[in-house]
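# A structural walkthrough
Single-letter residue listing:
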Amino acid sequence: MAIAIDSGTASSIERRKISEKRSLGDRVFRRGVTAGALTSFVVMCFIAALLFFRGFEIFRAFGLDFVTTSTWDAADGTIENAKFGVAAMLVGSIVTAVIAMVVAFPFVVASALFLEFYASKKLKFILVSILDLMAAIPSIIYGLWGYLVLMPLAAGWAATINKYLGWIPIFGVEVENFDASPFVSGLVLALMILPIAMSVTREVYSRAPLDQIQAAYALGGSRWGAIRAVVLPFGRSGLVGGMLLGLGRALGETIAVLLTLNLVFEVKFQILASAGGSVASLIASRIGEATPLELKALMAAGLVLFVLTLLVNFGASSIVARAERRVQ
Amino acid sequence: METSQNKTSNPSLFTPGKMPAEMPIGTRSTSLDERMVNMSGLQTKGIHAWFGSHHVLEDISLDFPSNTVTGLIGPSGCGKSTFLRMLNRMHEFIPSASMAGEVFLDGEEIYAADVDVAAIRLQVGMVFQKPNPFPSMTIAENVLAGIKLANIKVKDKDSLLEECLTRAGLWKEVKDRLKLSGASLSGGQQQRLCIARALAVKPKVLLMDEPCSALDPGSTLKIEDTIHELSDTITVVIVTHNMQQAARVSDYCAFFLSDGHPGRIVEADRTDVVFTSPKDQRTADYVQGRFG
Amino acid sequence: MSVALGAAVSPGRPWLNRRRSFREASAPVAVALVLAAVANLVTGLAGLLGFYLAFVIFFAATSLVFGLRHDKVKAIDKFATAFVVVGFATAFIPWVSILVTLAQKGWPAIYGGYFTNDMSVTGADDDLGMGGLSHAIMGTFLILLVASVIAIPLGILTAAYITEIRGRLSGFVRVMVQSMSGVPSVVAGLFIYATVVSRYQFSGVAGALALAILMLPTIARTAEEVLKLVPEEIRSASYALGASQMATTFRIILPSARSGLITASMLGIARVAGETAPLLLTSFYSAIFSRKLTGEPLASLPMYVFQNFTVGTEHALTRAWGGAFVLLSLILSLFILARFVGGRTNK
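Throughout what follows, the structure given in this document is the object of discussion. Quick caveat: nothing in here was measured; it's all calculated off a predicted structure. (Residues numbered from 1 in each chain as written. Chains lettered and ligands numbered in written order. Predicted model: local features only at pLDDT ≥ 70, side-chain atom pairs only at ≥ 80, totals over all residues. Heavy atoms only, no water.)

So, about the pairing of strand β4 (residues 97-105) of chain B. All names here are of chain B. Burial of β4 is extensive: seven of the nine residues sit out of reach of the surface. Across eight bridges, strand β1 (residues 41-51) lies against β4 in antiparallel orientation. Bridging across to β4, Lys45 finds its partner in Glu102. Pairing analysis gives two bridges linking β4 to strand β5 (residues 108-109), with the strands arranged antiparallel. Residue Phe104 lies in a different strand from β5, and its bridge partner there is Glu109. In textbook terms, the turn of a hairpin is the stretch between consecutive antiparallel strands, and for β4 and β5 this stretch comprises two residues, one of which, Asp106, has a positive phi near 50 degrees. (Buried < 20%, exposed > 50% of the residue type's maximum accessible area, 1.4 Å probe, protein only. Helix = DSSP H or I, 4+ residues; strand = E, 2+ residues; numbered from the N terminus. Pairing = 2+ DSSP bridges.)

A few words now on a nonpolar patch on the surface. Nonpolar side chains collect at one region of the surface, where A:Phe41, A:Val42, A:Phe46, C:Leu169 and C:Phe172 lie side by side and expose about 410 Å² of accessible area between them. Examining the composition of the nonpolar patch, we find that three residues originate from one element, helix α3 (residues 39-62) of chain A, more than from any other. Along the polypeptide, A:Phe41 turns up in helix α3. A:Phe41 gets classed as partly exposed once you look at its relative accessible area, which sits at 30%. (Patch = residues over 30% accessible without salt bridge, like charges linked within 9 Å, V, L, I, M, F, W, Y side chains within 5 Å. Areas by Shrake-Rupley, 256 points an atom, 1.4 Å probe, with all protein chains shown as cover. Salt bridge = Lys/Arg side-chain N within 4 Å of Asp/Glu carboxyl O.)

Strand order in this open sheet of four strands is β2-β1-β4-β5 (chain B), and the pairing throughout is antiparallel. What marks the edges here is a single partner per strand, and that holds for β2 (54-65) and β5 of chain B.

Scanning the entire structure with this criterion turns up 26 salt bridges over all chains. With a closest N to O distance of 2.7 Å, A:Asp132 and C:Arg339 form a salt bridge. With A:Asp132 in helix α6 (residues 121-134) and C:Arg339 in helix α13 (residues 314-346), the pair connects residues from two separate chains. For C:Arg339, a relative accessible area of 44% gives the class partly exposed.

A few words on empty space enclosed by the protein. Enumeration according to the criterion identifies four cavities of 30 Å³ or more in this entry. Of the pockets and cavities examined, the second largest cavity occupies roughly 80 Å³. The residue makeup of the lining of the second largest cavity, split by class, is eight nonpolar, four polar and two charged. (1 Å grid on protein atoms, 1.4 Å probe; cavity = no way out; pocket = protein on both sides within 12 Å on 5 of 7 lines; lining within 4 Å. Points joined across faces, edges and corners; volume = space filled by probe spheres on them. Nonpolar A, V, L, I, M, F, W, Y, C, P; charged D, E, K, R; others polar.)

With that out of the way, let us pick up the environment of C:Leu144. Residue and element names in this part refer to chain C. Following the sequence through the fold, Leu144 ends up in helix α4 (residues 134-165). Between the C-alpha atoms of Leu144 and Ile269, which are 125 residues apart in sequence, the distance is 6.9 Å. For Leu144, the residues in contact, after removing those within four places along its chain, are Leu211, Ile269, Val272 and Ala273. (Contact = heavy atoms within 4.5 Å.)

So, in structure tokens, the structure goes:
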């Protein structure tokens, strides 16, 4: 049989579009499911819009001062006399979250490596199940434990650090009270972000190419040699992504921080001192007795927190996604 | 073909007395056992391998005299690669793996209880089926990776680098871009980079597991040239599916067959004998492409 | 062929030398333990934590020294092993402490009437044999029920859009779900506070709405994973029979993924059951047993814990621990149940 199409005529052939007419039921069904799927989008827009419009008066009145000053005073409830600034809370949120990251980091790496390359298959299965359960411990319990069990211990550690390293500015204190400091809060947060950061990191480590690991062994490398030559470079972006996801969690954490941190409206970098800030905890602690004007300020603070965590999470998930794409 | 014939007819390497090609198939290595153990080189005695309860290799006794190239041929799934990986103790990476028998390297049993595995792998290098340079390292770092991993002190790293890349036939192509990532090379270049990497730790034996199966014919020829050059100073064991390749590069050939049973050696002899006058009908059928 | 030996050999694993590897692993541990005990007695590293800290330091040192008997590479490898093992073990200590403390301090609060009484006639500081958290359990149950009714269908619809409809917006929807899962819980609470509570009252429904926001992304993402596991052939078979997309989805796909979807839902519930911050802003707390979801504040387990914590007296704190104990037991049972249901599907 002769094939009639040659390259000359191929371009003149029009390709048919395959079309179908869906039944009425299916069209309704597709619309319905699509509408349901867009809930998340609608809710996100609503949250952003509501926080923005409710906080608009505050943004208009204070402008950039809202994020660069630290006075929080509702005064007589009029915008002329009131002063609202979340700088101390914002800086405090970041400081506490960064402490959590720094503390958690070595444990995340060690745990991910242990589960993936040191534990036997059976042990790994058991430990991963336990870790999943630990990730489900609610933050109120972390807060309770942090306040009643960890804080007395951590205050002692803080005193020791202050005694020997107090000459470094961030470890100095003005008053020797080490309770409810960003350090204590950071330790609790470190524990809380450990499971998520660990599981993301472990996931990426587990995809480290086996042929390269074997090549490292075949060159006479030790287990650590193979990990350093292959696994750690391969998993670097996964580790960063996992830590950033943890950072997002830490920034948004409310109750555990509320219970373990003394909120003070002053920008401070003395992490051992009993004074810190957290935007999320500010909202939870003030909303009960807020005047209508202060409520607007809290909405504005909520928007700042919303945008901040959204940015961190976007960064984190795009890094993780890129790390996973690279494997395939 | 030409080089291969040169080699096998080289009297200093293969005097008829030393390599009695006319001996019955399968008994050649066992009959030479006592002498071989005292020889330098690599010998296996009665090797068996299992994965779980699956018996994949049965009673493999082979010897690989120093500075020769031995090709392991046979259909897929006959256990050649498993056997190869047992020679530098990579077999044990598979959790269900077990084995029996002995492997001697210069008279030392590599599965003995007090042996340092890393030291064995330094002496018995390996090139894998798929090129696997470390993508996070530059070309130069890749070549010297083994030195770093094993913490070997080398005085002149630059000359070692040049030497290894030259022996792997890659120096001319990469000498101006040693700082580039190893992943930036073509597949064939990557495989030669892996050979250079394996050579840098000065192994006595180099194992190659179908090193050309993922490469184009041009790269394959270059790697075969490299193998020829290497065999002056190093013992090479190469697994290959390609009959022509086995004929071109190897001095000896061992034909593996599983055929429903655990893999065994049907015939092991000088390559020219295996290819031109095999003793076993199955070998003849296989090398002439009638199955496999 | 020389196969005569075949019958006599038996498989061995010469690379596994348990006695030797045990000896090699335990020697540095034993030495470090002894040194840590000495340090515990003579230096400031007192107490259990001090002992552990001393042990960690000495273990790292002994690993290095024992490795150096071979060579530098071995020493670094042993040191790294010590770091990895100790790092993992240390991360577990706080969790063990949390569980032990919960059981220890929470147990005294629990008695028969704890689950049947509320706090309407009992003060937070009253004796422990009085009052209970029946109101909190009922409140949590109601709030989670309403939140589930809202979030589970929407979550499954979202997943079905991505796996069944496969519309143009799939990527966009996925990104939205992703970013929604990063919304801080207090922001979700604030949102409902501004839209619902400030207009009406603290109420159980408001709490449920806030939790539904937090639940939706978990369910959507887990359900997507589950629906992806439904083999493509099943879809093709259904379409080939002339079934509509709606019938295929509701009659074939969703039922065949049923237990996975149940797992997804339970994970979503467990994830939000302990949320406190959003409830503080939406359903608040009431000491009285109630089934009313609207018009008045509704108690919940996390808020019961929080409320008693803020009172802060001895009995109140014991009550807080007791509530935390009950709360965690509930969440962990949900998790284990979810695993059990999910585990059965995989087989």
